[in-house]
Amino acid sequence: RAANIGVVGLAVMGANLARNLASREGNTVAVLNRSRSRTDELIAAHPEAGFVPAHSFEEFATSLARPRTAIIMVQAGAATDATIDELVRVFEPGDIIVDGGNAYFPDTIRRERAVRQTGINFVGAGISGGEEGALHGPSIMPGGSDDAWETLGPILRSIAAVAEGEPCVAHMGHDGAGHFVKMVHNGIEYADMQLIAEAYDLIRRGTGKTPAEIAEVFAEWNRGELESYLIEITAEVLRQVDAATGAPLVDVILDQAGAKGTGAWTVQTALSLGVPVSGIAEATFARSLSAHPEQRAAAANLPGPAVIPDPADHSAFIEDVRQALYASKIVAYSQGFDEIRAGAAEYDWSIDLGAVARIWRAGCIIRAQFLNRIADAYAQQPELPLLMAAPYFAEALGRGQESWRRVVIHATRTGTPAPAFSSSLAYYDGLRAERLPAALVQGQRDFFGAHTYQRVDRPGRFHTLWSGDRSETEA
Ligand code: 6PG
């Protein structure tokens with residue numbers, strides 16, 4: 001029996017994706033893993049899936065119908081390259097290799113170029129939704145050629161999550177576009193998580209509520225405009241009690257956040273594209289800051305504010321935090337979409353930003369009601385220069401900004417670190433400003449380096465003779 005799709009790499013994500021594929025009408029799934037035992041275990045545990053097991057790349061290639069299509073679900077990096085080499089060895093022109101891992105998009109661009117030389121298609125596809133998503137329906141962000149997408153589209157549509165009747169998968173653009181979009185998805189994920197964590201911390205310190213009580217606040221928020229998977233799971237985490245100590249689990253978890261690198265890539269890429277993703281950067285740095293116990297110990301005795309005023313009205317304060325969270329969230333998504341727009345221009349991808357919002361509505365970690373509003377904004381104005389300035393978001397920011405400011409003031413006065421809240425507000429005010437002190441920076445640059453400046457009143461580039469008579473010359 002010939003399989004129409006294969007999966008290489010059967011750790012949890014790969015195994016779940018293979019089971020998802022097998023559960024859809026019309027699919028027969030070939031499976032291969034480096035260690036034979038895992039393949040055998042999967043086959044034994046899921047006889048209903050009708051998997052076609054392979055124990056070598058040759059056997060795997062033989063078991064697939066043409067054009068052969070294989071999804072690689074191995075660790076990003078060297079393991080991916082090794083697997084691609086093996087598949088290229090046994091596949092033929094016209095076949096399709098899909099990398100479903102969290103690859104760094106420049107690697108995907110490089111791999112696509114190399115594999116293309118052999119006539120085989122290579123598609124880097126971002127897959128979001130964790131283990132559950134892989135099994136029941138992830139959000140999928142494929143790159144690669146139009147030809148590959150033609151074969152791959154129906155298969156991926158069959159396993160993707162569905163949002164309002166639409167499968168959460170769309171062709172993002174050629175070569176690395178899919179992994180680029182997935183990278184930014186993760187950057188936004190970092191920002192969203194950090195903002196929620198700051199909201200929790202502000203409420204806890206400001207009102208003295210217990211984690212279980214704050215869980216109820218999040219559960220309530222989840223019924224409004226903040227409705228999202230991350231808010232929902234936050235309530236679950238805050239409700240959890242540690243069996244060993246009887247304490248809230250959040251109080252016994254070591255407060256040092258891990259990161260596997262996708263947030264850092266988002267920020268590094270944004271820096272080179274010149275896109276200010278300050279909220280995402282702060283979220284990434286907040287994880288790094290937390291993970292330096294020696295520095296935290298060294299700083300522990302540095303003085304904090306003398307007076308720590310408690311908010312007088314707890315429910316008004318909580319509402320302020322909710323508004324601040326929503327406003328900062330708008331900024332984080334606006335920054336993320338800005339990075340995708342800039343990346344598309346730089347790498348010559350035609351990425352449909354509305355489609356990105358639509359395929360993130362279900363299946364992925366940042367799934368939220370909110371993404372419908374983003375999709376609407378791009379539907380109304382596909383060339384939107386700044387997401388947060390679209391009418392719906394501008395209105396929401398206008399409504400929330402006073403609360404946002406009160407929360408940032410409160411955080412500052414009480415010494416509660418809220419880097420993502422405050423940097424998002426600074427970004428908002430920075431873009432809003434009629435004049436920026438960037439003019440002074442230009443003056444400084446011209447002073448020490450003759451870097452020249454432009455004038456507000458006429459075209460051209462100018463230089464002041466700082467060490468001479470300080471007259472102005474046209475450069
Ligand atoms: C997803 C997630 C997933 C994963 C990342 C981020 O979209 O399903 O983003 O890809 O959780 O690896 O993990 P870190 O927080 O460890 O960087």
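Residues numbered from 1 in each chain as written. Predicted model: local features only at pLDDT ≥ 70, side-chain atom pairs only at ≥ 80, totals over all residues. Heavy atoms only, no water.

For the rest of this paragraph, the subject is the environment of valine 217. For valine 217, the position within the fold is in helix α9 (residues 211–221). Using a relative accessible area of 12% as the deciding quantity, one classes valine 217 as buried. Sequence-wise, valine 217 and glutamate 319 are 102 residues apart; in three dimensions their C-alpha atoms are separated by 9.9 Å. (Helix = DSSP H or I, 4+ residues; strand = E, 2+ residues; numbered from the N terminus. Buried < 20%, exposed > 50% of the residue type's maximum accessible area, 1.4 Å probe, protein only.)

Turning to the side chain of asparagine 372, a few remarks are in order. As for its placement among the helices and strands, asparagine 372 is situated in helix α17 (residues 370–380). Contact partners of asparagine 372, with chain neighbours within four places excluded, come to Glu164 and Arg361. (Contact = heavy atoms within 4.5 Å.)

Every one of the 13 residues lining the ligand counts as a neighbour, but Ser128, Glu189, Tyr190, Lys260 and Arg287 are closest to it. Contact between the ligand and glutamate 189: an oxygen atom at 2.6 Å from a side-chain N or O atom of the residue. Here the ligand has 410 Å² of accessible area as a free molecule, and 80% of this is covered by the chains. By residue number, the principal contributor to the shell around the ligand is helix α8 (residues 177–207), which donates five residues. In terms of residue class, the shell around the ligand is made up of three nonpolar, six polar and four charged. (Near = heavy atom within 4 Å. Polar contact = N/O pair within 3.5 Å; in protein donor to acceptor, adjacent residues only side chain to side chain. Areas by Shrake-Rupley, 256 points an atom, 1.4 Å probe, with all protein chains shown as cover. Nonpolar A, V, L, I, M, F, W, Y, C, P; charged D, E, K, R; others polar.)

Another aspect to go through is the nonpolar core. Counting 91 residues, the largest nonpolar core has Phe218, Trp221, Tyr333, Phe337, Trp360, Ile374 and Phe421 as the members making the most contacts within it. A per-element tally of this core places helix α15 (residues 314–347) first, with 15 residues. Beyond its immediate stretch of four places on either side in the chain, isoleucine 374 contacts Tyr333, Phe337, Ala357, Leu387 and Phe393. Formed by 30 residues, the second largest nonpolar core is a distinct cluster that contains Val7, Ala22, Leu42 and Ala125. (Core = buried A, V, L, I, M, F, W, Y, C linked by side-chain atoms within 4.5 Å.)

Moving on to the UniProt feature "active site" (unreviewed entry) in the protein. Cross-referencing UniProt, the feature "active site" (unreviewed entry) maps to Lys182 and Glu189 in the present numbering. Following the sequence through the fold, lysine 182 ends up in helix α8. For lysine 182, a relative accessible area of 4% translates into the label buried. Those residues in contact with lysine 182, other than ones at most four positions away along the chain, are Asn102, Gly126, Ile127, Ser128 and Met141. A distance of 2.9 Å separates a polar atom in the side chain of lysine 182 from a polar atom in the side chain of asparagine 102. Following the sequence through the fold, glutamate 189 ends up in helix α8. (UniProt positions renumbered as here; feature names shortened; annotations may be inferred.)

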